[in-house]
Amino acid sequence: MPDSPPPVAPRPLFFLDYDGTLAPIVDEPSEAFPHPEAPTLLQQLEARYPVWIVTGRHLRDLGPFLPDLNLQAIGLHGAQDGTVGGTAQSRLTEDMVAALRQMRETVPDLDGVWVEDKEHTFAVHYRQAADKQRVRERLRDWVVEAPDVLDAIWGKDVVELRPDGLDKGAAVTEIAREHPDRTPVYLGDDVTDEDAFRALAAMDDDAVTVKVGDGETRARYRLTGPDAVVAYLRQYLE
């Protein structure tokens, strides 16, 4: 049942989202500091198990929040791989880069809307808009013009354009195949994490997929927020 607490996997392969999972959701991404126990906990988990951070952010931007950890990571919803705050490789084609540049130049100029640039990709936030419904409708008209090589991903008062086929599900599937003796454990709160929930469930009946927070989900289990995430992960150190 989706509302059931997740079990402790005997040989885990961790995939952990950042915003909303290891850190609370805030209006300004630059202020999304991790749960106080998260950095030390991640360091301890990484010493025992394979751990990957899977985020919509550019990996460079996570460095200040998780300094000196050098964790393996997937960034930009699967379009980037590398380490937190360290090296990062783009998986985008030239056509994808050109399409993203085109759409970035045509973002509607609306009150309460701001753009978070992530090198080649970007997200359009409207959490601060006075009339969110009107803004959402204008943005929907805008994304209709996106080239076929891009997907529009709608989240919590945000829409992000990402390359088609480079999602979190594809990225974590590749990694999980390299660790056939381990059970994938994926925790995430965002709509983009649903790709990973679906992909991991399809490849491994024992995969522990965890939705963090409210809302419909394909995950098998649920936790309420970062506090519950930290409490769950702490069990792997006992």
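Scroll up a little and you will see the structure.
Residues numbered from 1 in each chain as written. Predicted model: local features only at pLDDT ≥ 70, side-chain atom pairs only at ≥ 80, totals over all residues. Heavy atoms only, no water.

A. Inspection of the overall build of the protein chain at higher detail. Summing up its helical and strand segments, the protein chain has seven helices and twelve strands in all. Across the 238 residues that make up the protein chain, the buried fraction comes to 55%. When the accessible surface of the protein chain is summed, it comes to about 11200 Å², and 45% of that surface belongs to carbon and sulfur atoms. (Helix = DSSP H or I, 4+ residues; strand = E, 2+ residues; numbered from the N terminus. Buried < 20%, exposed > 50% of the residue type's maximum accessible area, 1.4 Å probe, protein only. Areas by Shrake-Rupley, 256 points an atom, 1.4 Å probe, with all protein chains shown as cover.)

B. Structural context of the pairing of strand β7 (residues 121–125). Of all the five residues making up β7, five are buried; the element is thus mostly covered by neighbouring parts of the structure. Burial of β7 is two-sided: the residues Thr 121, Ala 123 and His 125 facing one way and the residues Phe 122 and Val 124 facing the other way are all buried. Bridge count between strand β6 (residues 114–118) and β7: five bridges; the pairing is antiparallel. Bridging from a neighbouring strand, Val 115 pairs with Val 124 of β7. (Pairing = 2+ DSSP bridges.)

C. Region of the structure containing the sheet that holds strand β8 (residues 150–154). The antiparallel open sheet is built from four strands, whose spatial order is β6-β7-β9-β8. Looking along the sheet, the strands with just one partner apiece sit at the ends: β6 and β8. On average, adjacent strands in this sheet sit at an angle of 20 degrees to one another, irrespective of strand direction. Where β8 meets strand β9 (residues 158–163), five bridges bridge the pair, whose relative direction is antiparallel. Bridge pairing in β9 places Ala 152 opposite Leu 161. (Axes fitted to C-alpha atoms, helices over the stretch in contact; angles between N-to-C directions.)

D. Here's a closer look at unusual backbone geometry. Positive phi values are uncommon outside glycine, yet Asp 68 reaches one of about 65 degrees. Tracing the backbone shows Asp 68 in the loop between α2 (59–62) and β3 (72–75). In the Ramachandran plot, Asn 70 falls in the positive-phi region, its phi being about 55 degrees despite a non-glycine side chain. Within the element layout of this structure, Asn 70 appears in the loop between α2 and β3.

E. Geometry of the environment of Leu 41. Residue position: Leu 41 is located in helix α1 (residues 38–46). Spatially, the C-alpha atom of Leu 41 lies 28 Å from that of Met 203, the residues being 162 residues apart in sequence. What Leu 41 contacts, discounting residues up to four positions off in sequence, is Val 230, Leu 233, Arg 234 and Leu 237. (Contact = heavy atoms within 4.5 Å.)

F. Broad picture of the sheet that holds strand β2 (residues 51–54). If you walk across this open sheet you meet the eight strands as β5-β4-β3-β2-β1-β10-β11-β12, and the pairing is mixed. Looking along the sheet, the strands with just one partner apiece sit at the ends: β5 (88–90) and β12 (221–223). Ignoring strand direction, the axes of neighbouring strands in this sheet form an average angle of 20 degrees.

G. Here's a closer look at the pattern of salt bridges. A full pass over the atoms with the stated rule returns 14 salt bridges. Where Lys 168 meets Asp 17, a salt bridge forms, and the shortest distance between an N and an O atom there is 3.7 Å. Taken as a pair, Lys 168 in helix α5 (residues 168–177) and Asp 17 in the loop between β1 (12–16) and α1 lie far apart in primary sequence, 151 residues in all. For Lys 168, a relative accessible area of 1% translates into the label buried. (Salt bridge = Lys/Arg side-chain N within 4 Å of Asp/Glu carboxyl O.)

H. Just the side chain of Thr 21, in detail. Following the sequence through the fold, Thr 21 ends up in the loop between β1 and α1. Given a relative accessible area of 0%, Thr 21 falls into the buried group. Here Thr 21 is in contact with Leu 187, Gly 188, Asp 189, Val 212, Pro 226 and Val 229, once residues within four sequence places are set aside.

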